Structure formats: structure tokens, C-alpha cells
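Here is how the chains run, residue by residue.
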Amino acid sequence: MSLRTIRILLWLPLIAFLLILAAVASGLIKPHSTNIASQMIGQPLPAFDLASGRGDAIRVRAAAFADGKPHLLNFFASWCVPCVGEAPQLLVLKQAGIAIEGIAVRDRPADLAEFLARNGDPYDRIGLDDTSGVQMALGSSGVPETFVIDGKGIIRAQHIGAIGPQDVADMLAAVRSAR
Amino acid sequence: MIAETGLIALLIAAALALLQAFLGFGALRPGGEPLLRAVRPVAIVQAAMTVTAFAMLLLVFARTDLSVKLVAEDSATTLPLLYRITGAWGNHEGSMLMWITILALSGAAVAIFERRLPERTLAATIGAQGLIALGFFAFLLFSSNPFERLAMPPAEGAGFNPLLQDPGLAFHPPTLYVGYVGLSVAFSFAVGALLTRDVGPAFARAMRPWVLGAWIFLTLGITAGSYWAYYELGWGGWWFWDPTENASLMPWLAATALLHSVSVLATRDGLRAWTIMLAVVAFSMSMVGTFLVRSGILTSVHAFALDPRRGAFILILLALYIGGALALFGARIATVAEGNRFDPVSREGALVANNLLLSAILGVVLIGTLYPLLVESATGEKLSVGPPYFNAAAGPLALVLVAIMAAGPVMRWRRDRLAEIGRRVAIPAAIVVVALVAVLVALPGLRILPLLGLVLAAGTAAASVAPLWKRNLRRTPLFTWGMVVAHLGVAVSLAGMASESAFSQETLVAARPGDTVHVGPYAVHLAAVDPVAGPNYTAVRATLVATRGQGAPIVLHPEQRTFDNPPQQTAESAIATRLDGQLYTVVGEPVPGGRWQLRLWWKPFVTLIWAGGTLIALGGALSLLGRALPRRRARPVREGYAR
């Protein structure tokens, strides 16, 4: 190696460091999101068959989603405080003619009945997910969380956290585009 | 007033750090010699002020002064005294103040004890130390003031993370920080030497004890942290390749490489540029580690103190310090005269191989740690890099490293003959072959990495004591003993890792009181599950009676603790340590039907991992004593001449 190449090589550590620094800085400047998007978007619903949360015999089955019309699949629980805040928006969506299926996570029918009486009941059917197994199968990590399922039973979109008044228009658009 | 005293002490310390940097670098200019005499005292007073600030923080925490925001957020009057005090560094601001206190103390230690470095290099070193401190003081004062008051003090504090309510917090962070931040001395030495172009054996001999000291604490801190995570998290693992663990491993790898290259520089005047580079890299890794942990840019089990805005601040400091040092390296190192050359087959050659492998492992860990970050900033995709990558990429390199480590100490400086080396490592090599045959016959189907680990550990244990062969043990220098003990520690630790990974047995059951579960050689009887009340938690406590053959029963009490301030559950493992391993028990959630989750492990020889780590640190301490003692003995003679 000539002396000249060696002199250039001596600057390599600095260049490498600056490259790493730039990458890290760009990561830091970007808005930080702690949401973890589901890997199931674009996939068919995983198979499940849940007992009813209303004490009747109407089960919630994955296969029933492929009925040609889009659905919202809402994970909630009577013990979940943000779910109370979300309830009015779900009622608005229902009035707009959207079919909403509920899955109650680690819940009891008696508590559910009380929750629905107090906050309104937008759900066509409610399934009981006692072990969070279905929730995990969909790649959801908390309640409330809402998935848009198209008419073929394919998961199209995910909304993490409560649906606020500002999210209603987006949810409507997401469901309409999922036909 | 205590908090205000702390804040004022911090402000004075920051001003003194600025002065220290001016004096230190000013002394290098022509005519700057009069400044030399002021540099040392300023560094000492700066440290005294920083220690005062830290003492004030301890005091507000010990008294639980809830009008101080930090105390209100991270402590409570209901905590036991030990955790009220250790809680002072169980949060972001407090741990940063401890970080900078150790930085200031390191600078003062150099100012007080360092006598071998030429005055000009020393002044530049202390100046660099002041400059680093200045940036971190600014960080503390502008974005993380630990002494901020609340206008309306709450009636009770928000409590303290239950996972940190453990005596481990009293030892692990301080030791680790002494190691981390102690490396700043090597960094400042390198900056000083680059500025004065004075890199040689004398410089290396002056730097070596400082590197050794920091390295000992880093080794102890990592060993203690590994054991702490092992028993406190209740997951039964001793190393998770978690970003924060990696953040402590990376400076250790660099410091280990530095420790060996500085020996080459001290003994043979070789590897000048490389040693300087490593000194810069080692502390840079400490700062990168601090950044990774403090900025919250990587989520980890240590996510108890994170904040992206602060991350940006530390990032700017990193750019200034690491970037500045590397730029200085690029500009100056070419003008440092080249050191001695040597034959590839020599002690130096082995040490270079050791250095390259350590650096390669460092690269592997760095890439694995930063990869999720780089991918996320490039594509927005979130992913994590876990043990499968690290074990596969770093494991084989580490095994080769250990093999070279076994052979290195029996090689001669400057030039050696392969045939001669072969004769000297014949016995360890024979042990490797015997161990390989024994393991293959006795334990067929063992996975390759644990197998190589066990075999290599046997050979390395033998090879590490080889330098003592046919020597008068009483006249063997202490630093040679240090090397032997440290290398033996690596073999011991490796044996523990291989044994844990190959022979651990795990049982997870839902058991009723009265049931008996088997794990390894033990029959574990679940005698009872009772509620108990702790000082600031309630718990369910299982009573387990473990018996092994006809041996006396061992009673174990794992707990599932429920803290209410803040609300959190922790699993408190109960561990029985025997000579040949540990029985590790965890009680989990209740299961319908009056049963309890029980998780039991039998981990043969797992304690060797930490015993080995402690031996490595002990070797370092012997070595440090060996380097320091002869000097002390020699001094009166020299002073006698001077008079």
C-alpha cells in the first residue's frame, strides 16, 4: 500500500461512524410509534369458532366472515376503559350500515351484559376469547383493536387503539374500499 | 435546601469542567506551561463538586423529599431504606448523575495518581476528560435535571419499579458504570497522545493500569448483571442478547482487545495506531451504550428510563466526541512514528489474532444491535435480532478466540518456531483429544457448539496454567499469575456456558399442593402455597421440598409478588445451589382447579459461568497489583537519589 492509500484509510473509521450516526439520527427524528402492525394484513382470517358472549347459542366463526360483504372485527372487553370511549363511534358506524362483529377478550357474559347495557351494543355477534388465542392469531396485542375484513374473509386493515371521533370517516372509507 | 445545594454544586462542577478543558488544552500551546500546574487541582475540585451533587441526590432520596420531582416520580416513603437509596440511580436522571460522578472521579484519579505520563500529555488528557464531562453536565442541566422541584409536592411518591427492588441494584449499576466510564481515561489518554504525538512504550505502561482497572470493574459488572438478570427476571436464562446487555458487552470486548494490544505496545513498542484506535473505540462503545440505553431508541428489558428527546442530545454529544476523536486520529496518527515490526508466529502475532477476533465479535454484536434500528429507519419495518443470530455468528468466533488464547501465553515475543510451540501445547492438545473422545462416547448427540465448548474448556484450563510450568512459583511475577487466573476464568466460564446449554432440564407443570414433580435428579414436592405480606408488596409463596436420592430435603420458597405502587407482579425465583449445579424454581399464575404454574430447571454447573467471570476479574486485579507494587517498592530508592 502506498502512503497515500494508508492516509485515506485512516479516515475510514470516521466515515463509518458518521454513516451509522446518520442512520441512527434519522431513526430518532422519525415519529416514534410503539404500535406493532399485524403481520396478518392481506391474509385470510385464521380459523376460529367462539362461544357467544350473550349467553345464547350464536357462535362466532371465521368462516362466516366470507359472506360477500365487509365486516369490522372489534376486539374489546368489559374491563377495558378505552373501549368505553370507543363505544359511541362504534354505534355511529353501525348506524352507517356497517356489520360489526365483536370479540370479547378474557371476559364474562355477566360483565359483558352490563357493559353493553351501559355503553350500547353495536355488535351483530359477540364471541368469547377466553385465552386471547384468537386475538394473538390475528396479530393483535391489546384492546381495543379493530380489523377490517373484506367479503372474502381477507384481513384488509388494522386499527390499533380506540376508534376516536376523528377516525370514523377513515374507518367508513376503509370498509367501503374492502368490498 | 439540599436539592438546591446539589444543583449549585453541579453548576460549579460544570464551570470547572470548562476551565479544566481550557487549561488542559491551553497548556499545549507555546507559552502555556504555567497552566500545567493548575490542571490537576481543577480536576480534583471539579470531582469534589460532582461528588457533592451526587451525595445531595442520595440524601433527598434517603429522606424521600417528595418536593423533588425525581423522588416523587421514582420513590415512595413506604420503600425499605436500601431501595430508597439505590432508587437514586434506578432512574434516568440519577443514573446519569452517577455516570458523570464516576467520570469526574476518574479524571481526579488521573490528576492525583498519574506520575508516569509526560506533563504535556497529562494536561491534554485531563483537558479531554474535562471536555467530555462538560458535555454530559450540559446534558444533565439542560435536559435531565435531577434536582427539579415540584410546586405542589404529592402526598406520596409514585413508587419504584419492583424489578429493581433487589440488592443487585446496589452493586450492578455502580460497578458497571465504573467500568464503562473508567474507559474514558483510556480515551482521554489517546486524545492526549494524539495531540502531543507521544505514543510509545512509556505511554502504554502509563495507560495500562487505567485500562486494567476499568476492565476489572466492567467484567465484574457484567458478571453481576448476568447473575442478577438470571435470578430476578425468573426466566432461567443468563444472557439474552438484549440491547442493553450488548451495550455493556461491546465496551468489554473493545477493552479486552485494548488490554492486550497495550501490552504489545508496552513490551515491544508495536501496534501504536491500533492501540490508540482501540482506546478511542472502547469508550466510544461506552457512550454508544449509554445512548442506546438512555434514548429508548431500542426497546429492551431495561426500558425503565427512556426518552427520545434526550436521545437526540446524547447523539450530538456522541457526534462531537467520537467524531472528534476519530477525526483527530485520521489527521494525526500518520505523523506518529511507526512502531516495531514482528514475525507473525510470535506472542505479538497471537495477540494481533486475538485483537482481530475480539474486534470481529464486537462487529457482530454491534451490527446485531443496530440492525433493527437501521432497518426501521430505512424501511419502517420493525424486527428484532435475537439469540439465533448472535449465537451462530459470535459463538464460533469466540471458540476460535479461546483456542488462540490458550496458545498465546506459551509463545515467545518477537519470533517463535511452530515446532517449539507445538511441543509446549502438547499436553493441552492431548487433553482436548481425550476430552473430545470422552464426550463423543459418553454423550452422543450433543450439539456442536456445547460440545466444542466443553472440549475447548478442558484444553484451555490446562493451557492457561502452562505458563507456570517448571517455574519457581514464588518468583513468578504477580502479573503472570493474573494472566493465568484470568485465562483459567475464561475456561471455567466457557465450561459453565456449555454445560448449561447442553444439559439444562426444564419442567413446566400446573401442580396442586401435594403433587410431586421431577426435574433432573430432583423430586420436587409442592407442600403448600400461602399468602404472605412483604414490606411493600403481598405475595403468594410456594413451599417446595426438593429431594435428591436419599439426600436431605431442601426447602425452597419461590414467590409471586404483587406490588401496588406501581402496580406490577414479579416472579421471585428460589434457587438451591449445589456443587454440581442449581435447582431453579419459579411459581407462576394460579390455574383453575386449585393448581399453580410451577417452572423448574435443573442447571448442571451453571454457577461456573459467574465463578469464571469472577476469576477473570480476579486475574485482572492480580495483574493490576503486579504492575503497581514493584513501582511502589522502587519509589523510595528513586526519591533517595533525588535528595
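Starting afresh in each chain, residues are numbered from 1 along the sequence in its written order. Whichever chain is written first is A, and whichever ligand is written first is 1; the rest continue in order. It should be noted that, the model being predicted, local features are given only for residues of pLDDT at least 70 and side-chain atom pairs only at 80 or more, the latter also being counted only at that level, while totals for whole chains, interfaces and linings use all residues. Note that water and hydrogens are dropped before the side-chain values are worked out from all heavy atoms of the structure.

K.L.:
What is the right way to look at the overall build of chain B in this model?
P.N.:
In terms of regular secondary structure, chain B is built from 18 helices and ten strands. Our radius of gyration looks at C-alpha atoms and nothing else; its globule reference is 2.2 Å times the residue count to the power 0.38. For chain B, whose C-alpha radius of gyration is 26 Å, the value lies close to the compact-globule estimate of 26 Å for 643 residues. The principal-axis extent of the C-alpha atoms belonging to chain B is close to 85 × 75 × 60 Å. Three exposure classes are used, based on accessible area relative to the maximum for each residue type with a 1.4 Å probe and protein chains only: buried under 20%, partly exposed in between, and exposed over 50%. A buried classification covers 56% of the 643 residues belonging to chain B. Here, two residues are considered to be in contact whenever any of their heavy atoms come within 4.5 Å of each other. Pairs at least 24 residues apart make up 73% of the contacts formed inside chain B by residues separated by at least 6 positions. In short, Shrake-Rupley with a 1.4 Å probe defines the accessible areas, and a residue's cover is counted only from the protein chains shown. When the accessible surface of chain B is totalled, it reaches about 26,500 Å², and 66% of it is carbon and sulfur. His residues and chain termini do not enter the charge count, which takes Lys and Arg as positive and Asp and Glu as negative. Every charge is mapped onto a representative atom, which is NZ of Lys, CZ of Arg, CG of Asp or CD of Glu. Separation between the mean location of the 48 positive side-chain charges and that of the 34 negative ones in chain B comes to 15 Å. Numbering of helices and strands starts at the N terminus; helices are DSSP runs of H or I of at least 4 residues and strands are runs of E of at least 2.

K.L.:
Sorry, what's going on with the sheet that holds strand 1 (residues 505-511) of chain B here?
P.N.:
Across a sheet, strands are paired by hydrogen bonds formed along the backbone, either parallel or antiparallel in direction. Residue and element names in this part refer to chain B. One open sheet holds the four strands; their spatial order is 1-10-9-8, and the pairing between them is antiparallel. Both outer strands of the open sheet, strand 1 and strand 8 (574-578), are each paired with one neighbouring strand and no more. If you compare each strand with its neighbour and ignore which way they point, the axes differ by 15° on average. Of the pairings in the sheet, the one linking strand 1 to strand 10 (residues 595-604) comprises seven bridges and is antiparallel in character. From the neighbouring strand, Ala 511 faces strand 10, where its bridge partner is Trp 596. To obtain an axis, a line is fitted to C-alpha atoms, over the contacting stretch when the element is a helix, and the angle between two such axes runs from 0 to 180 degrees between their N-to-C directions. Across the face of the sheet, helix 8 (residues 201-232) comes into contact with strand 8, strand 9 (581-591) and strand 10 while running at roughly 40° to strand 9. Here helix 17 (residues 478-503) sits on the sheet in contact with strand 1 and strand 10, set at roughly 135° to strand 10. For two strands to be treated as a pair, DSSP must find at least two bridges joining them.

K.L.:
For this particular structure, what's the right way to read the pairing of strand 6 (residues 145-149) of chain A?
P.N.:
Within a regular strand, the side chains alternate between the two sheet faces. All names here are of chain A. Most of strand 6 sits out of view: five of its five residues are buried. Burial along strand 6 is two-sided: Glu 145, Phe 147 and Ile 149 facing one way and Thr 146 and Val 148 facing the other are all buried. Across five bridges, the pairing between strand 3 (residues 71-76) and strand 6 is antiparallel. Directly across from His 71, in strand 6, lies its bridge partner Ile 149. In this structure, strand 6 lies alongside strand 7 (residues 155-160), joined through five bridges in antiparallel fashion. If you follow Phe 147 over to strand 7, its bridge partner there is Gln 158. Here strand 6 folds back onto strand 7, and the loop between the two strands holds five residues, one of which, Gly 153, carries a positive phi near 85°.

K.L.:
So what exactly am I meant to see when it comes to the state of the cysteines here?
P.N.:
Here is the idea: a disulfide is a covalent bond, and it sits between the sulfur atoms of two cysteines. Residue and element names in this part refer to chain A. Disulfide assignment relies on a single distance test, namely cysteine sulfur atoms paired within 2.5 Å. With the rule as written, the count across this model stands at one disulfide over all chains. Paired by a disulfide, Cys 80 and Cys 83 hold their sulfur atoms 2.1 Å apart. Here Cys 80 and Cys 83 share a disulfide; its torsion about the S-S bond, 90°, makes the bridge right-handed. Summarising the burial analysis for this pair, Cys 80 and Cys 83 share the class buried.

K.L.:
What is the right way to read the side chain of Gln 46 of chain B from this model?
P.N.:
With respect to the element layout, Gln 46 of chain B can be found in helix 2 (residues 33-62). Beyond its immediate chain neighbours, meaning those up to four positions away, Gln 46 of chain B contacts Ala 13, Leu 16, Ala 17, Gln 20, Ala 104, Ala 133 and Phe 137 of chain B.

K.L.:
Looking at this structure, how should I read the environment of Asn 565 of chain B?
P.N.:
All names here are of chain B. As for its position among the elements, Asn 565 is in the loop between strand 6 (559-564) and strand 7 (567-572). Considered as a pair, Asn 565 and Gly 159 are 406 residues apart in the sequence and their alpha carbons are 5.1 Å apart. Discounting residues that sit within four places of it in the chain, Asn 565 has contacts with Ala 76, Glu 156, Gly 157, Ala 158, Gly 159 and Phe 160.

K.L.:
Please clarify how helix 15 (residues 426-442) of chain B should be interpreted in this entry.
P.N.:
Residues and elements named next belong to chain B. With 17 residues, helix 15 extends 24 Å between its outermost C-alpha atoms, agreeing within 8% with the 24 Å of an ideal straight helix rising 1.5 Å per residue. Where helix 15 is concerned, the buried positions are Pro 428, Ala 435 and Val 439. Within helix 15, the buried residues cover an arc of 30° as seen down the axis, which keeps them to one side. Across helix 15 from its buried face, at more than 90 degrees, point the exposed residues Val 433, Val 434 and Val 441. Residues of helix 15 that are buried make contact with helix 14 (418-424) and helix 16 (448-464). Expected span of a helix, by definition, is 1.5 Å for each gap between consecutive residues, and there is one gap fewer than residues. The arc in question is traced by the directions running from the helix axis to the C-beta atoms.

K.L.:
Can you help me understand unusual backbone geometry in this one?
P.N.:
Of all residues except glycine, most have a negative phi; of all peptide bonds, most are trans. Here the residue pair Val 143 of chain A and Pro 144 of chain A is connected by a cis peptide bond, since its omega of -10° sits within 30 degrees of zero. Phi is positive for Thr 64 of chain B, which is not a glycine, with a value near 50°. Note that Thr 64 of chain B resides in the loop between helix 2 and helix 3 (69-74). Phi at Leu 271 of chain B is positive, roughly 55°, even though this residue is not glycine. Positionally, Leu 271 of chain B belongs in the loop between helix 9 (243-268) and helix 10 (272-295). Judged by relative accessible area, Leu 271 of chain B falls into the buried class, the value being 18%.

K.L.:
In this structure, what is going on with the pattern of salt bridges? I would like to understand it.
P.N.:
Side chains that carry opposite charge are capable of pairing whenever their charged atoms lie near each other. All names here are of chain B. By definition, a salt bridge exists where a carboxyl oxygen of Asp or Glu is found within 4 Å of a side-chain nitrogen of Lys or Arg. On inspection of all chains with the given rule, the structure shows 23 salt bridges over all chains. A salt bridge links Glu 4 to Arg 149; the nearest nitrogen and oxygen atoms lie 2.7 Å apart. A residue pair is termed long-range when its members are at least 10 positions apart, and Glu 4 in helix 1 (residues 2-26) and Arg 149 in the loop between helix 6 (119-143) and helix 7 (168-196) qualify at 145 residues. The partly exposed category is assigned to Glu 4, whose relative accessible area is 29%. A salt bridge links Glu 420 to Arg 423, with the nearest nitrogen and oxygen atoms 3.4 Å apart. You can see Glu 420 and its partner Arg 423 sitting in helix 14, three residues apart, about one turn around the helix.

K.L.:
I'm lost on the sheet that holds strand 6 of chain A in this one. Help?
P.N.:
Residues and elements named next belong to chain A. In spatial order, the strands read 5-4-3-6-7; together these five strands make up an open sheet with mixed pairing. Unpaired on one side and paired on the other, strand 5 (125-129) and strand 7 mark the two borders of the sheet. Mean inter-strand twist for the sheet, computed between neighbouring axes without regard to direction, equals 20°. Docked against the sheet, helix 4 (residues 109-119) engages strand 3, strand 4 (99-105) and strand 5, running at close to 140° with respect to strand 5.

K.L.:
Which parts of the structure should I look at to understand the packing of aromatic side chains?
P.N.:
Note on aromatic pairs: each is described by the distance of the centres and the angle between the planes. Residues and elements named next belong to chain B. Two rings belonging to Phe, Tyr or Trp (six-membered ring only in the last case) form a pair when the distance between their centres is within 6.5 Å. Interplanar angles under 30 degrees mark stacking, angles over 60 mark edge-to-face geometry, and anything in between is tilted. Taken as a whole and assessed by the stated rule, the structure comprises 24 aromatic pairs over all chains. For the pair Tyr 230 and Tyr 584, a centre-to-centre distance of 4.9 Å together with 70° between the ring planes defines the contact as edge-to-face. Of this pair, Tyr 230 sits in helix 8 while Tyr 584 is found in strand 9, placing the two residues 354 residues apart along the sequence. The same class applies to Tyr 230 and to Tyr 584, which are both buried. Ring centres 6.1 Å apart and planes at 85° place the aromatic pair Trp 239 and Trp 241 in the edge-to-face group. Considered together, Trp 239 and Trp 241 belong to a single accessibility category, that of buried residues.

K.L.:
Hey, could you run me through the confidence of the model for chain B in this one?
P.N.:
Atomic detail in the predicted coordinates should be set aside for any region of low pLDDT. Residues and elements named next belong to chain B. In the predicted model, chain B carries a mean pLDDT of 88, and 95% of its residues have values of at least 70. Across residues 300-306, confidence stays below pLDDT 50; counting only partners more than four residues off in sequence or on other chains, it has 17 contacts. Taken as a whole, residues 632-643 scores under 50 in pLDDT and shows zero contacts with residues more than four places along the chain or in a different chain. Here the predicted complex carries an ipTM of 0.74, next to a pTM of 0.82. Residue-level confidence of the predictor, termed pLDDT, takes values from 0 up to 100.

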